[in-house]
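Understanding the architecture of this molecule
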Amino acid sequence: MSRRIARLEAQGLIETKAGARNAKLVNLVAYDRVYEKTRDVVRSMNAQQSDHVPKTSDDPDPDPNEKCLSQEQARRTSYLAEMARMDLEERQKKLLPVADVAAAVRACGERIIAAVDLFASRADEGAAAVGKDGVVGMRTFLKALARDYRTAVAHELQGLAEQGLAGSNNGPAA
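Residues numbered from 1 in each chain as written. Predicted model: local features only at pLDDT ≥ 70, side-chain atom pairs only at ≥ 80, totals over all residues. Heavy atoms only, no water.

**Digging into the overall build of the protein chain**
Tallying secondary structure elements over the protein chain gives seven helices and two strands in all. Along the protein chain, helices (α) and strands (β) appear in the sequence α-β-β-α-α-α-α-α-α when read from the amino end. Restricting the contact set of the protein chain to residue pairs at least 6 apart, pairs at least 24 apart contribute 50%. Surface summary for the protein chain: the accessible area is close to 14100 Å², and the carbon and sulfur share equals 57%. (Helix = DSSP H or I, 4+ residues; strand = E, 2+ residues; numbered from the N terminus. Contact = heavy atoms within 4.5 Å. Areas by Shrake-Rupley, 256 points an atom, 1.4 Å probe, with all protein chains shown as cover.)

**A closer look at the environment of Phe-141**
You can see Phe-141 is positioned in helix H7 (residues 135-169). Looking at Phe-141, the relative accessible area reads 11%, which means it is buried. Separated by 19 residues in sequence, Phe-141 and Arg-122 have C-alpha atoms that sit 9.7 Å apart. Phe-141 has contacts with Arg-122, Glu-125, Gly-126 and Ala-129, leaving out every residue within four places of it along the chain. (Buried < 20%, exposed > 50% of the residue type's maximum accessible area, 1.4 Å probe, protein only.)

**Observations concerning helix H2 (residues 28-38)**
For H2, the full list of buried residues reads Tyr-31, Val-34 and Tyr-35. Each buried residue of H2 lies within a common arc of 100° when the element is viewed along its axis, so the set occupies one face. Across H2 from its buried face, at more than 90 degrees, point the exposed residues Val-29, Arg-33 and Lys-37. (Arc of directions from axis to C-beta.)

**Describing a nonpolar patch on the surface**
The grouping of Tyr-79, Leu-80, Met-83, Met-86 and Leu-95 at the surface amounts to a nonpolar patch, some 450 Å² of accessible area in total. Structurally, Leu-95 is set in the loop between helix H4 (69-91) and helix H5 (98-121). (Patch = residues over 30% accessible without salt bridge, like charges linked within 9 Å, V, L, I, M, F, W, Y side chains within 5 Å. Salt bridge = Lys/Arg side-chain N within 4 Å of Asp/Glu carboxyl O.)

**Digging into helix H1 (residues 2-10)**
Those residues of H1 that sit buried are Ile-5, Arg-7 and Leu-8. Angular distribution of buried residues about the axis of H1 spans 160°; they occupy a single face of the element. Within H1, the exposed residues directed more than 90 degrees away from the buried face are Ser-2, Arg-3 and Ala-10. Where H1 is buried, its residues meet strand S1 (16-18), strand S2 (24-26) and H2. One or two positions beyond H1, positive phi appears at Gly-12, with a value near 80°.

Below, the structure written as structure tokens:
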């Protein structure tokens, strides 16, 4: 234990105070926190199983930046939990494949462009509105055109959404 405390103190991970008879006083909570982050579970288990076997290796202390088994196990567990969450969300249809989203965006774009293409077919109406009422007539015409455009786009997208819902219930949408 004293070697471990000395190593952690040398690495600057904990602070100690001088105690009676050359003892080092350590804040137990700070020590436990640092020890849990830096310990290697396998080495700890080996030390518990072979307390009676003296250490003969002259290996230097491990690099404090080196990841220990407990950190890697925690990272792996976190990764598996994230994968399980994503799998669940995919089954609940909260996550969709990128290809399906791209196809839906493409279909939406086509429907919106089709609605915009109708503007040119109403040019005569715009010219008639300007001829009859001038700027006020044009403003009224453009408001009506925008309202018709919004209605057409909403109608097209609603149809697309209904197609998508029907496709997701009966398999992939065509």
